[in-house]
Amino acid sequence: MDDKRSELKKIIMDIRTLPTLPGVINKLNTLSENAKASVQEMARLVSSDQVLSARILRLANSPSYGFYRVSTISNAIILLGVNVVKSLAISSSIFEIMERSSVGLWEHSLGAGVAANLIARKLALPECEEIATAALLHDIGKVIISLKCTESEQHIKKMIHEKQLYMREAEREVLDTDHAEVGAWLSKSWFLPDKLSEPIAFHHDVQLSQNHRIKTAVVHLADVLIKASGFGESGDRYVPQIQKIAWDVLKLNDEILTELVEELEDKLVEARNFSLEMQA
Amino acid sequence: MQKIPLMCATSGMKLARDVFRNDSPVGMPVCGKDTVLTDSLLARLDHLEVKSIYVEGHPLWSEGEKTLDEILCDLDLRFEKVRNDPLTSKLHSIYTAFLKNSMGDSSGRQTL
Ligand SMILES: [Fe+2]
Ligand SMILES: [Fe+2]
């Protein structure tokens with residue numbers, strides 16, 4: 001078991017076996033470390049890769065963010081922030097895979113992004129766009145598991161079905177790791193900032209999040225809400241338990257939860273249309 | 001609430017959302033939420049090239065669409081592992097109430 005885990009970790013931490021990172025990203029990393037770099041400079045750099053720019057804009061216009069038209073990369077950088085644009089750039093190749101091979105998981109991720117954005121706005125939290133992005137990426141480990149361990153994936157699916165397990169429990173039994181940990185490895189190898197990697201790593205275990213517990217709690221709740229709504233497919237049909245620590249840290253109550261459900265159901269009509277358009 | 005093509009809308013239905021020109025949610029709404037539709041209003045919306053609107057309840061049913069009972073049953077199945085957890089079962093009751101409310105009672109349903 002342990003062999004499998006370390007083998008998987010080796011594969012994931014080895015950038016060469018992952019979907020290739022656009023060359024632009026490394027340059028952008030260097031550039032955005034430089035505090036003096038202007039939005040224009042960064043936008044010019046990203047725009048030089050047209051395919052990448054198109055993918056970023058498509059995601060920036062998804063209902064996970066609340067903007068109606070983001071038509072240029074410099075707009076995207078101003079509205080969403082460099083971190084978000086960078087994460088969308090990095091993960092766009094993964095989304096590409098998701099949209100094609102796993103529509104259900106893509107919809108689950110999109111819906112979690114929508115839910116997280118709603119929660120963050122309702123609670124007037126800072127950095128809503130970052131939170132929405134973390135939610136959009138929260139199950140990214142599942143895509144990697146399905147890419148790198150096709151055989152185990154079949155085994156995991158069978159176990160979920162036969163033993164009525166949460167996907168995460170089945171992953172633990174088969175791989176000795178789970179998609180949250182795999183997502184964490186992945187975020188490391190991509191140099192994602194903590195505020196994105198912590199929610200990805202701990203969305204099933206909020207108390208382990210040390211530096212960004214509120215963001216992690218939002219992503220956790222977004223995952224619960226979207227599973228409750230039945231929108232998309234994440235591997236198993238079971239709604240996860242709302243963690244007490246998440247409820248407390250977000251200071252939730254019945255009224256807020258009721259409003260969130262209503263607003264989410266309203267927004268999901270849009271999300272469904274968006275997903276259909278992407279597949280057309 | 002249900003999104004329906006304008007051509008399926010009939011007078012008496014009530015708008016659940018503002019209506020915008022060309023279905024684009026920018027600019028001024030041409031007709032506000034909670035308005036009850038009339039024939040002349042429908043003609044005007046058609047003239048403005050509005051393609052679809054959101055109305056209250058669930059007036060149109062298509063073949064194979066799930067009934068409220070089936071939807072509630074699916075909901076229960078999704079919550080099957082967490083029904084005894086106090087916080088998560090709150091969410092279950094909120095969702096149940098929401099679905100009952102938004103689907104209305106299905107009397108007088110029409111087939112699309
Ligand atoms: Fe997950
Ligand atoms: Fe999830």
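Residues numbered from 1 in each chain as written. Chains lettered and ligands numbered in written order. Predicted model: local features only at pLDDT ≥ 70, side-chain atom pairs only at ≥ 80, totals over all residues. Heavy atoms only, no water.

Looking up chain A in an unreviewed UniProt entry gives the name HDOD domain-containing protein, with the organism given as Pelotalea chapellei.

**Student:** Can you tell me about the overall build of chain B, naming the residues and giving the values?
**Tutor:** If you tally the helices and strands in chain B, you get 3 helices and 4 strands. Traced from its N-terminal end to its C-terminal end, chain B shows the element sequence β-α-β-β-α-α-β. Burial statistics for chain B: of 112 residues in total, 38% are counted as buried. A sequence separation of at least 24 residues applies to 63% of the contacts in chain B between residues at least 6 apart. Accessible surface, chain B: about 6,500 Å² in total, of which carbon and sulfur atoms supply 52%. (Helix = DSSP H or I, 4+ residues; strand = E, 2+ residues; numbered from the N terminus. Buried < 20%, exposed > 50% of the residue type's maximum accessible area, 1.4 Å probe, protein only. Contact = heavy atoms within 4.5 Å. Areas by Shrake-Rupley, 256 points an atom, 1.4 Å probe, with all protein chains shown as cover.)

**Student:** Outline the coordination of the iron ion (ligand 1), supporting the account with residue identities and numerical values.
**Tutor:** Residue and element names in this part refer to chain A. The protein atoms that coordinate the iron ion (ligand 1) are Asp 139 (OD), His 179 (NE2), His 203 (NE2) and His 204 (NE2), at distances of 2.2 to 2.3 Å. Coordination geometry of the iron ion (ligand 1): the 4 donor atoms subtend angles of 82 to 167° at the metal centre, consistent with an arrangement described as irregular. If you list the donors of the iron ion (ligand 1) from N- to C-terminus, the spacing comes out as D-x39-H-x23-H-H. Between the iron ion (ligand 1) and the iron ion (ligand 2), the interatomic distance is 3.5 Å, and Asp 139 donates to each metal, bridging them. Taken together, the residues span a long stretch of sequence, with His 179 in helix α12 (residues 179-189) and His 203 in the loop between α13 (194-202) and α14 (213-229) at a distance of 24 residues. In this structure His 203 comes out as buried when scored by relative accessible area, which is 0%. (Donors = N, O, S within 2.8 Å, 3.2 Å for Na, K, Ca; no water. Tetrahedral: all angles 85-135°; square planar, octahedral: opposite > 155°, others 65-115°.)

**Student:** Describe the confidence of the model for chain B, naming the residues involved and giving the relevant values.
**Tutor:** All names here are of chain B. Averaged over all residues, the pLDDT of chain B equals 83, while 85% of them reach at least 70. Low pLDDT (under 50) marks residues 106-112, which in the prediction has 12 contacts with non-local residues, meaning those over four places away or in another chain. Here the predicted complex scores 0.82 on pTM and 0.87 on ipTM. (pLDDT = per-residue confidence, 0-100.)

**Student:** Quick one: what's the story with the interface of chain A and chain B, residue by residue and with numbers?
**Tutor:** Counting residues at the interface gives 29 residues for chain A and 20 residues for chain B. Roughly 2,200 Å² is buried in total at the junction of chain A and chain B, and carbon and sulfur atoms are behind 65% of that figure. Joining chain A to chain B, the criterion identifies 3 salt bridges. Residues Glu80(B) and Arg237(A) are paired through a salt bridge, measuring 2.8 Å at the closest nitrogen-oxygen approach. Linking chain A with chain B are 11 residue pairs in polar contact (both at pLDDT 80 or more), by the criterion used here. Listed by contribution, the elements that provide at least two residues to the side of chain A that touches chain B are α14, α15 (244-249) and α16 (254-279) of chain A. Here the side of chain A that touches chain B takes 11 residues from α16(A), the largest share from any one element. Of the residues contributing to the side of chain A that touches chain B, the split by class is 15 nonpolar, 6 polar and 8 charged. (Buried area = accessible area lost by both parts, 1.4 Å probe. Salt bridge = Lys/Arg side-chain N within 4 Å of Asp/Glu carboxyl O. Polar contact = N/O pair within 3.5 Å; in protein donor to acceptor, adjacent residues only side chain to side chain. Nonpolar A, V, L, I, M, F, W, Y, C, P; charged D, E, K, R; others polar.)

**Student:** Can you break down α12(A) residue by residue, with the values?
**Tutor:** Residue and element names in this part refer to chain A. Of all 11 residues making up α12, 10 are buried, and the element is well covered by its neighbours. Taken as a whole, α12 has its buried residues at His 179, Ala 180, Glu 181, Val 182, Gly 183, Ala 184, Trp 185, Leu 186, Ser 187 and Ser 189. Residue Asp 178 occupies the N-cap position of α12, its side-chain oxygen lying 2.9 Å from the main-chain nitrogen of Ala 180. Of the residues one or two after α12, Phe 191 is the one with positive phi, at around 60°.

**Student:** Lay out the pairing of strand β2 (residues 52-55) of chain B with the relevant residues and their values.
**Tutor:** One face of the sheet, then the other: side chains in a regular strand alternate in exactly this way. Residue and element names in this part refer to chain B. Covered by surrounding structure in β2 are Ser 52 and Tyr 54 together with Ile 53 and Val 55, the residues of both alternating faces. Sheet analysis places strand β1 (residues 2-5) next to β2, joined by 4 bridges and oriented antiparallel. Among the inter-strand pairings, Pro 5 is bridged to a residue of β2, identified as Ser 52. (Pairing = 2+ DSSP bridges.)

**Student:** Talk me through the nonpolar core; I want residue IDs and the actual numbers.
**Tutor:** With 111 residues, the main nonpolar core has Leu225(A), Leu264(A) and Leu91(B) as its most contacted residues. Counting residues per element, this core draws most heavily on helix α7 (residues 103-122) of chain A, which supplies 10 residues. In this view, Leu264(A) contacts Val114(A), Ala115(A), Leu118(A), Leu225(A), Ile226(A) and Tyr95(B); residues no more than four positions away in its chain are not counted. Counting residues in hydrophobic clusters, the runner-up holds 16 residues, among them Ile4(B), Met13(B), Leu41(B) and Ile53(B). (Core = buried A, V, L, I, M, F, W, Y, C linked by side-chain atoms within 4.5 Å.)

**Student:** For the coordination of the iron ion (ligand 2), give the residues involved together with the corresponding values.
**Tutor:** Residues and elements named next belong to chain A. Around the iron ion (ligand 2), the donor atoms from the protein are His 108 (NE2), His 138 (NE2), Asp 139 (OD) and Asp 223 (OD), and they sit 2.1 to 2.3 Å away. In this structure, the iron ion (ligand 2) is surrounded by 4 donor atoms whose angles at the metal cover 83 to 173°, and the resulting shape is irregular. Within one chain, the residues serving as donors to the iron ion (ligand 2) are arranged as H-x29-H-D-x83-D.

**Student:** An account of the pattern of salt bridges is requested, with residue identities and associated values reported.
**Tutor:** Within this structure, the stated rule accounts for 19 salt bridges over all chains. Lys163(A) serves as the salt-bridge partner of Glu173(A), at 3.5 Å between the closest nitrogen and oxygen. Linking Glu173(A) in helix α11 (residues 167-175) with Lys163(A) in helix α10 (residues 150-163), this pair joins segments that are 10 residues apart in sequence. Given the relative accessible area of 38%, Glu173(A) is considered partly exposed. Judged by relative accessible area, Lys163(A) falls into the partly exposed class, the value being 48%. In this structure, Asp254(A) and Lys90(B) form a salt bridge, with 3.0 Å as the shortest nitrogen-oxygen distance. Taken together, the residues Asp254(A) in helix α16 and Lys90(B) in helix α3 (residues 86-103) connect one chain to another. Taking relative accessible area as the criterion, Lys90(B) reaches 28% and is therefore assigned partly exposed. What emerges from the salt-bridge pattern is a single network uniting Arg5(A), Arg168(A), Arg172(A), Asp178(A) and Glu181(A).

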